[in-house]
Amino acid sequence: MSPSTARRRVAVIGTGAIVSGSHLPALRHHADRVELVAAVDVDQARLDAFRELAGEDVAGYTSAGDMLDAVRPDLVLIGTPPWLHREQTVTALKAGAWVLCEKPLCLSLAEYDDIAAAEEASGVYASAVFQHRYGSGAVHARELITSGELGAPLVAHCQTTWHRDAAYFAVPWRGRWATEGGGPTMGHGIHQFDLLLHLLGPWAEIRAMAARLVHDTESEDVSTALVRFENGALATVVNSVLSPHEVSRIRIDCADATVELTHLYGNRNDDWVYTPAPHVPSERVTAWRTPAADVPSSHTAQLGTLLDAYDNGVRPPGSGPDARATLAFAAALYKAAFTGSPVLAGEISPGDPFYQAMHGDHPHWALKERA
Ligand SMILES: NC(=O)c1ccc[n+]([C@@H]2O[C@H](COP(=O)([O-])OP(=O)(O)OC[C@H]3O[C@@H](n4cnc5c(N)ncnc54)[C@H](O)[C@@H]3O)[C@@H](O)[C@H]2O)c1
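Bear in mind that the values here come from a model prediction, so they are computed numbers and not experimental data.

Quick rundown of unusual backbone geometry? Include the residues and the values.
The omega angle of the peptide bond from Lys-103 to Pro-104 is -15°, so this bond is cis rather than trans. When you line up the elements, Pro-104 lands in the loop between β5 (98-101) and α5 (109-122). Despite not being glycine, Arg-72 shows a phi value in the positive range, around 50°. Among the secondary structure elements, Arg-72 is positioned in the loop between α3 (64-71) and β4 (75-78). Even without being glycine, Asp-361 reaches a positive phi, approximately 60°. Looking at the secondary structure, you find Asp-361 in the loop between α14 (353-356) and α15 (363-366). On the basis of relative accessible area, Asp-361 is assigned to the exposed category, the value being 57%.

This is how it looks when you write it as structure tokens:
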């Protein structure tokens, strides 16, 4: 095997729900390209259960630092609670490993800039998991929109209306600024607005509201926003964990067609619907509705694109400015909601309280103590 096609040695940090349920199947799918060599968890019982599940000769560690020193993996997958992501990502980058880290990649723009500095110093890359970008339906929709095939994007809706109960928020790291970084904006709707940004490109201005209506959390349990994109399109964004009828939706009205994605936690081609404007000939419409393949959005699809980038030695999708843009959108949404003023793209820089933390030290939001 030449170095460019050797199996990459992979370690996981955190062996809980997302690593066992989504990263492990992705590693198995790409078994010809990766070898799971080590797993880390501070909870020995979870670590043991994961190693049993992985069914391979996977070395177990309770310290990420010890694992990195001993194993020197090519790629590290991080699935720990969000407050650990920055530190573990920076440590893995410094050890020379590429990183694919669960969302949110970190808790603030300040933390992101630490990761960017570690990338710069080490020459390796950190990507955030946003699996919905990588299914064939999203790839196809993005090609159609960015090539201009659907006409100018004009109006968009981005809806994450999910439901989470009190037991969900009883897990200590959830609903707290210092450990989760925010509420449904940072933890749930971030998937959908990451995809909206991926489809529509840079935004220019945001106005927003947030509320804590049901849950005993520090952060919000619902937020809404109005967004103007650089291309002129106007969008609404809703991030809720209060919605009994759960659905994830994106709708984009372009001059020649409406594109609609309706799903919950993942999508495939049939979840994308194209409705042509009356003047559009049917041959064009047929091409819109037929992507070349049907690849479900998944950790498997994202891992495949990351391994392609690794093999080619290029920056992987979902890293660098791309990863920062999604966090910058979340920070701007919080700033607009908590200050009541519009926020322009790029205005949150070092010195701005919303650069350091998503609550921006706002007295009503930053100081709420959990009962
Ligand atoms: N991409 C998605 O669709 C998706 C879905 C669910 C969760 N997530 C994200 O995945 C992450 C983990 O969520 P989860 O639901 O799997 O949580 P979880 O609690 O099930 O798993 C987290 C694991 O990390 C371990 N851990 C804690 N501290 C550690 C440390 N210092 N070193 C090593 N291991 C440590 C815990 O013991 C636990 O096993 C979160 O960031 C969450 O937002 C992403």
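Tell me about the domain arrangement of the protein, residues and numbers included.
If you check the domain split of the protein, you get domain 1 (3-131) and domain 2 (133-300 + 325-366). Averaged C-alpha coordinates put domain 1 and domain 2 at centres separated by 26 Å. Facing 23 residues of domain 1, the contacting portion of domain 2 comprises 27 residues. Both sides of the domain 1 and domain 2 interface together cover about 2,100 Å² of buried area, and 66% of this is carbon and sulfur. When the buried area of domain 1 at its contact with domain 2 is split by residue, Leu-109, Phe-130 and Gln-131 rank highest and sum to 39% of it. In this assembly, domain 1 and domain 2 are joined by zero salt bridges. At the surface where domain 1 touches domain 2, the tally comes to eleven residue pairs in polar contact (both at pLDDT 80 or more). Breaking the side of domain 1 that touches domain 2 down by element, the ones donating at least two residues are α1 (17-29) and α5. No other element matches the six residues that α1 contributes to the side of domain 1 that touches domain 2. Residue classes in the side of domain 1 that touches domain 2 are distributed as 14 nonpolar, six polar and three charged.

Can you explain the packing of aromatic side chains? Please cite residues and give values.
Taken as a whole and assessed by the stated rule, the structure comprises twelve aromatic pairs. Considering the side-chain rings of Trp-162 and Tyr-265, the 4.8 Å spacing of their centres and the 90° angle between planes classify their relative orientation as edge-to-face. Separated by 103 residues along the polypeptide, Trp-162 in strand β7 (residues 153-163) and Tyr-265 in the loop between β12 (257-263) and β13 (272-276) bring together distant segments of the chain. Residue classification places Tyr-265 among the partly exposed residues on the basis of a relative accessible area of 42%. Between Phe-193 and Phe-329 the ring centres are 4.8 Å apart and the planes differ by 40°, which places this aromatic pair in the tilted class. Residue Phe-193 is located in helix α10 (residues 190-200), and its partner Phe-329 is located in helix α13 (residues 321-339); the two are separated by 136 residues in the primary sequence. Of the two residues examined, Phe-193 and Phe-329, each falls in the buried class.

Now, about the site of the ligand: what can you tell me, with residues and values included?
Near the ligand lie 23 residues; those nearest to it are Ile-18, Asp-41, Arg-46, Lys-103 and Gln-131. One of the side-chain N or O atoms of Glu-102 is found 2.9 Å from a nitrogen atom in the ligand. Contact between the ligand and Gln-131: an oxygen atom at 2.9 Å from a side-chain N or O atom of the residue. Isolated, the ligand exposes 850 Å² of accessible area, and the fraction of that covered by the protein chains is 81%. Where the shell around the ligand is concerned, the elements lending two or more residues are α1 and α4 (85-94). For the shell around the ligand, the residue count by class is nine nonpolar, nine polar and five charged. Structurally, the shell around the ligand is a two-domain feature, drawing no fewer than three residues from each of domain 1 (3-131) and domain 2 (133-300 + 325-366).

Scoring rules and cut-offs
- Residues numbered from 1 in each chain as written.
- Predicted model: local features only at pLDDT ≥ 70, side-chain atom pairs only at ≥ 80, totals over all residues.
- Heavy atoms only, no water.
- Helix = DSSP H or I, 4+ residues; strand = E, 2+ residues; numbered from the N terminus.
- Buried < 20%, exposed > 50% of the residue type's maximum accessible area, 1.4 Å probe, protein only.
- Domains from an automatic or database assignment.
- Contact = heavy atoms within 4.5 Å.
- Buried area = accessible area lost by both parts, 1.4 Å probe.
- Salt bridge = Lys/Arg side-chain N within 4 Å of Asp/Glu carboxyl O.
- Polar contact = N/O pair within 3.5 Å; in protein donor to acceptor, adjacent residues only side chain to side chain.
- Nonpolar A, V, L, I, M, F, W, Y, C, P; charged D, E, K, R; others polar.
- Phe/Tyr/Trp six-rings, centres within 6.5 Å; stacked < 30°, edge-to-face > 60°.
- Near = heavy atom within 4 Å.
- Areas by Shrake-Rupley, 256 points an atom, 1.4 Å probe, with all protein chains shown as cover.

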